[in-house]
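Residue-level structure breakdown
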Amino acid sequence: MDPMAEVFEKAKKNPQMRKKLRIKAIFSMTLFIAFLGVIFITIGTFISAKQGTFLGMNQLDFLKLRARYGLLMMVLIIIHLLMNRSIMKKELELLTG
């Protein structure tokens, strides 16, 4: 069995850790869905640049939407990094030691 899978199985049995894992899982899925939105907006920007419009939006509309989504993604990524800072510290220790 994968060592990470074992860690998750142990954590699931601890109610406090289970709650933390749930929050992280919900947040990760939110971040993933927002990332899919960024992909869609990027594709829309390229298509509207070539064809003039895409789904009734011109390139400027997509660029405005992209700017807003960029701010949302920055906030989500910062929260994600804060939530996983202890894991990142352990990974950094592996890289440096």
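It should be noted that the structure appears before, not after, this text.
So, here is what we can say about the structure in this document. Please read all numbers here as calculations on a predicted model, not as lab measurements.

1. Description of the overall build of the protein
Along the backbone of the protein there are four helices and zero strands. Shown N-terminal to C-terminal, the secondary structure of the protein runs as helices and strands in the order α-α-α-α. The C-alpha radius of gyration computed for the protein amounts to 19 Å, which surpasses the reference 13 Å derived for 97 residues by more than 25%, pointing to a less compact arrangement than a globule. Among the 97 residues that make up the protein, the fraction classed as buried is 14%. Pairs at least 24 apart in sequence give 45% of the contacts found in the protein among residues at least 6 apart.

2. Some remarks on helix H3 (residues 59-83)
Between the first and last C-alpha of H3 there are 35 Å, a value that for 25 residues agrees with the 36 Å anticipated at 1.5 Å per step. Listing the buried residues of H3 in full gives Phe-62, Met-73 and Leu-76. Looking at the buried positions of H3, the neighbouring elements they touch are helix H2 (15-51). Its side-chain oxygen 3.1 Å from the backbone nitrogen of Leu-60, Asn-58 forms the N-cap of H3.

What counts, and at which threshold
Counting restarts for each chain: residues are numbered from 1 in the order of the written sequence. With pLDDT at 70 or above as the cut-off, local features in this predicted model cover only qualifying residues; side-chain atom pairs require 80 or more to be listed or tallied, and sums for whole chains, interfaces and linings still use all residues. As a convention, hydrogens and water are excluded, and side-chain values are obtained from all of the structure's heavy atoms. Secondary structure is summarised from DSSP: a helix means a run of H or I of at least four residues, a strand means a run of E of at least two, and numbering begins at the N terminus for each. Radius of gyration here is computed from C-alpha atoms only, and the compact-globule reference equals 2.2 Å multiplied by the residue count raised to the power 0.38. A 1.4 Å probe rolled over the protein chains alone gives each residue an accessible area, and that area as a share of the maximum for its type sets the label: buried under 20%, exposed over 50%, partly exposed in between. Here, residues are in contact when the closest pair of their heavy atoms is within 4.5 Å. Take the residue count of a helix, subtract one, and multiply by 1.5 Å to get its expected span. Any N or O atom pair separated by 3.5 Å or less is treated as a polar contact, with the protein-specific requirement of one donor-capable and one acceptor-capable atom, and with residues adjacent in sequence counted only for side-chain atom pairs.

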